[in-house]
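Chain by chain, the residues run as shown.
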Amino acid sequence: GENVEQHPSTLSVQEGDSAVIKCTYSDSASNYFPWYKQELGKRPQLIIDIRSNVGEKKDQRIAVTLNKTAKHFSLHITETQPEDSAVYFCAARKNSNSGYALNFGKGTSLLVTP
Amino acid sequence: EADIYQTPRYLVIGTGKKITLECSQTMGHDKMYWYQQDPGMELHLIHYSYGVNSTEKGDLSSESTVSRIRTEHFPLTLESARPSHTSQYLCASSFGFANEQFFGPGTRLTVL
């Protein structure tokens, strides 16, 4: 089945710096890659996603890049702010035989210090 | 308001008790999922459903069972709770071939 690896597990940056989180996946048939942000004590919320027919997608300070050949995708946050501090999860969608369920990475705890 | 609701939000019970965690969504979604997550840690898929009368086990072995008698309702049952079941349980849903999964607020379960 699909295996998603996420690095780093923790990341500390200063406010205003950029943060990059990387994920690799194993199933070449995966075609949807979302990123979720989970603040302490809250539910995961989708912040950006990308499909396999696109190489890059940007939404204000957040961007995601996808390299299908290498089977990896990355989250880029520019001009980080303290409110960006959270746990970020990447995911890859399994094939339709699994109910379109998502396979998640283990998460990256991002801390943005003022 | 369209949302996913989970009850109870917090539950502390003794070993051996039978419990049901409720999940309902008013989003008109056909697919529903249960994840187990220790706080801030990896999300593990334990059950999913394509639609009414469809249920499947996920990747993480779980002693829980689920049912899907109504589209909007996807309860999870533990017949005999154990301390190893202590965790947070997150319900999620999505629609058709669209990919975004929306999560409920979670139930934090503690088994003594």
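Values in this document were obtained by computation on a predicted structure and should not be read as measured data.

Engineer: What am I meant to see in the sheet that holds strand β1 (residues 4-7) of chain A here?
Structural biologist: Residues and elements named next belong to chain A. Strands sit in the order β1-β3-β8-β7-β6 across an open sheet of 5 strands; the sheet is antiparallel. A single partner strand is all that each edge strand has here, and the edge strands are β1 and β6 (56-59). Ignoring which end each strand starts from, the neighbouring axes of this sheet average 15° apart. Sheet topology note: the β1/strand β3 (residues 19-25) ladder contains 4 bridges and is antiparallel. Bridge pairing links V4 to Y25 in β3.

Engineer: Explain the state of the cysteines to me, please; I cannot follow it from the model alone.
Structural biologist: Disulfide: a covalent bond connecting the sulfur atoms of a pair of cysteines. Summed over the entire model, instances satisfying the criterion amount to 2 disulfides over all chains. For C23(A), the disulfide goes to C90(A), at an S-S distance of 1.9 Å. Measuring the twist about the S-S bond at about -100°, one finds the C23(A)-C90(A) disulfide to be left-handed. One end of the pair, C23(A), is in strand β3; the other, C90(A), is in strand β9 (residues 86-93), and 67 residues separate them in sequence. Taken individually, C23(A) and C90(A) each receive the classification buried, so the pair is uniform in this respect. At a sulfur-sulfur separation of 1.9 Å, the disulfide partner of C23(B) is C91(B). Its S-S torsion of approximately -75° makes the covalent link between C23(B) and C91(B) left-handed. Residue C23(B) is located in strand β3 (residues 19-25), and its partner C91(B) is located in strand β9 (residues 87-94); the two are separated by 68 residues in the primary sequence. Take C91(B): its relative accessible area is 0%, and that puts it in the buried class.

Engineer: Please clarify how the packing of aromatic side chains should be interpreted in this entry.
Structural biologist: Under the counting rule described, the total for this entry stands at 12 aromatic pairs over all chains. Each residue in the set Y36(A), F89(A), F104(A), Y33(B), Y35(B) and F103(B) is aromatic and connected to the rest through ring pairs, giving one cluster. When the ring centre of F74(B) is taken as origin, the NZ or CZ atom of R68(B), which lies over that ring, is 5.9 Å away.

Engineer: Would you mind showing me how to read the interface of chain B and chain A here?
Structural biologist: When the parts come together, some accessible area is lost, and that loss is often what is quoted as the size of the interface. Listed as interface residues are 23 residues of chain B and, on the opposing side, 22 residues of chain A. Between chain B and chain A, roughly 2000 Å² of surface is buried when both sides are summed, and carbon and sulfur atoms account for 49% of that area. Considering only the surface of chain B that becomes buried against chain A, E42(B), N99(B) and F103(B) emerge as the three largest contributors, covering 29% of it. Linking chain B to chain A there are 1 salt bridge. Across the salt bridge formed by D3(B) and R43(A), the nearest N and O atoms sit 3.1 Å from each other. For the side of chain B that touches chain A, the leading source of residues is strand β4 (residues 31-37) of chain B, giving 4 residues.

Conventions and cut-offs
- Residues numbered from 1 in each chain as written.
- Chains lettered and ligands numbered in written order.
- Predicted model: local features only at pLDDT ≥ 70, side-chain atom pairs only at ≥ 80, totals over all residues.
- Heavy atoms only, no water.
- Pairing = 2+ DSSP bridges.
- Helix = DSSP H or I, 4+ residues; strand = E, 2+ residues; numbered from the N terminus.
- Axes fitted to C-alpha atoms, helices over the stretch in contact; angles between N-to-C directions.
- Disulfide = S-S within 2.5 Å.
- Buried < 20%, exposed > 50% of the residue type's maximum accessible area, 1.4 Å probe, protein only.
- Phe/Tyr/Trp six-rings, centres within 6.5 Å; stacked < 30°, edge-to-face > 60°.
- Lys NZ or Arg CZ within 6 Å of the ring centre and 35° of its normal.
- Contact = heavy atoms within 4.5 Å.
- Buried area = accessible area lost by both parts, 1.4 Å probe.
- Salt bridge = Lys/Arg side-chain N within 4 Å of Asp/Glu carboxyl O.

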